[in-house]
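The chain contents come next:
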Amino acid sequence: MEEKSTLKGLWELFWTFAKMGVMTFGGGMAMLPILQREVVDNKGWATEEELTDYYAIGQCTPGIIAVNTATFIGQKCGGVSGGIAATLGLVFPSVVIISILAGLISNFADLAWVKNAFAGIQVCVCVLIFNAVLKLLKKSVVDKRTAAIFVVVLLGGVFLKLSPVWFVVGSALAGILLKNLEVKKA
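Residues numbered from 1 in each chain as written. Predicted model: local features only at pLDDT ≥ 70, side-chain atom pairs only at ≥ 80, totals over all residues. Heavy atoms only, no water.

Caption draft 1: Broad picture of the overall build of the protein chain. In terms of regular secondary structure, the protein chain is built from seven helices and zero strands. Going residue by residue from the N terminus, the α and β elements of the protein chain occur as α-α-α-α-α-α-α. For the C-alpha atoms alone, the extent of the protein chain along its principal axes is close to 65 × 45 × 25 Å. Per-residue burial over the protein chain gives 29% buried out of 186 residues. Here the contacts in the protein chain between residues at least 6 apart in sequence split such that 55% fall between residues at least 24 apart. Of the roughly 11,700 Å² that the protein chain leaves accessible, carbon and sulfur atoms contribute 72%. (Helix = DSSP H or I, 4+ residues; strand = E, 2+ residues; numbered from the N terminus. Buried < 20%, exposed > 50% of the residue type's maximum accessible area, 1.4 Å probe, protein only. Contact = heavy atoms within 4.5 Å. Areas by Shrake-Rupley, 256 points an atom, 1.4 Å probe, with all protein chains shown as cover.)

Shown next as structure tokens:
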């Protein structure tokens, strides 16, 4: 992988993440399929496994998962300056768009077509998130051990009011414990 700490490399990180920032509506989770396509498939800056790890860490750390993931990828590609470039690239379009919308939304928020447009966008975002979850599920649930962890976390997420951090930490510990038991049996 080419080093991204040069000015050209930093610009590529900034520009790639800025394009993703413009195209993503609905928050960090909606960005996951776009991150997958750009970072893994198009640019080769991370593997699918690394990206999944970045999602998990990004979910556990303070901040927005997409911003955290962009920072991790940028840092991997170009060190601290790469992390800054990727993060600024991702955030820049949102700052511009939100600033413009904030100035306009108070005048148009009560119009029926604006409410309907936002309702349509929300449905689209749900589909994007669902597709990202299906892709991650196919790649992550690969045996009985990971299926068991998935079911426990799914049920815990539905029925318990716990921070996602606890689910990630618990899943990591369960993965270690179950793998060690599996090795000892063999």
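Here the narrative resumes.
Caption draft 2: Quick look at the nonpolar core. One finds Phe17, Leu35, Val39, Ile73 and Leu90 to be the most contacted residues of the largest nonpolar core, which totals 25 residues. In terms of residue count, the dominant contributor to this core is helix H4 (residues 65-108) (nine residues). Not counting residues within four places of it along the chain, the set of residues in contact with Ile73 comprises Phe17, Leu35, Val39, Trp45, Leu51 and Tyr54. (Core = buried A, V, L, I, M, F, W, Y, C linked by side-chain atoms within 4.5 Å.)

Caption draft 3: Layout of the packing of aromatic side chains. Enumeration over the complete set of coordinates arrives at five aromatic pairs. Judged by centre distance (6.0 Å) and plane angle (15 degrees), the ring pair of Trp11 and Trp15 falls under stacked. Residue Trp11 and its partner Trp15 are located together in helix H1 (residues 7-23), separated by four residues, close to a single helical turn. Trp11 gets classed as exposed once you look at its relative accessible area, which sits at 52%. We classify Trp15 as partly exposed; its relative accessible area is 45%. (Phe/Tyr/Trp six-rings, centres within 6.5 Å; stacked < 30°, edge-to-face > 60°.)

Caption draft 4: View of the state of the cysteines. One pass over the full model with this rule turns up zero disulfides. Left without a disulfide partner, Cys124 is nearest to the cysteine sulfur of Cys126, which lies 9.2 Å away. Cys124 sits in the partly exposed class, given a relative accessible area of 43%. (Disulfide = S-S within 2.5 Å.)

Caption draft 5: A look at the pattern of salt bridges. By the definition in use, this model includes six salt bridges. Between Lys43 and Glu12 there is a salt bridge, with the nearest N and O atoms lying 3.2 Å from each other. You can see Lys43 sitting in the loop between helix H2 (32-42) and helix H3 (48-60) and its partner Glu12 sitting in helix H1, a full 31 residues away along the chain. Residues participating in the shared-partner salt-bridge network are Asp143, Arg145, Lys179 and Glu182. (Salt bridge = Lys/Arg side-chain N within 4 Å of Asp/Glu carboxyl O.)

Caption draft 6: Inspection of the side chain of Glu38 at higher detail. Tracing the sequence through the fold places Glu38 in helix H2. Arg37 provides the closest opposite charge to the buried, unpaired Glu38, separated from it by 4.1 Å. Apart from residues lying up to four places away in sequence, Glu38 is in contact with Thr16, Met20 and Lys43. (Lys, Arg positive; Asp, Glu negative; His and termini not counted.)

Caption draft 7: The arrangement of the packing of helix H6 (residues 144-159) against helix H7 (residues 164-185) in detail. Two elements in contact, H6 and H7, have axes whose closest approach is 10 Å; the angle formed by their N-to-C orientations is 155 degrees. When the axis of H6 is compared with that of H7, the two are roughly antiparallel. Note on packing geometry: the crossing formed by H6 with H7 is right-handed. Residues Arg145, Ile149, Val153, Gly156 and Gly157 of H6 form the contact with H7, whose participating residues are Phe167, Ser171, Ala174, Gly175, Leu178, Lys179 and Glu182. The residue inventory of the contact of H6 with H7, partitioned by class, reads five nonpolar, four polar and three charged. (Axes fitted to C-alpha atoms, helices over the stretch in contact; angles between N-to-C directions. Parallel < 35°, antiparallel > 145°, perpendicular 65-115°, else oblique. Left-handed = near helix turned anticlockwise from the far one by under 90°. Nonpolar A, V, L, I, M, F, W, Y, C, P; charged D, E, K, R; others polar.)

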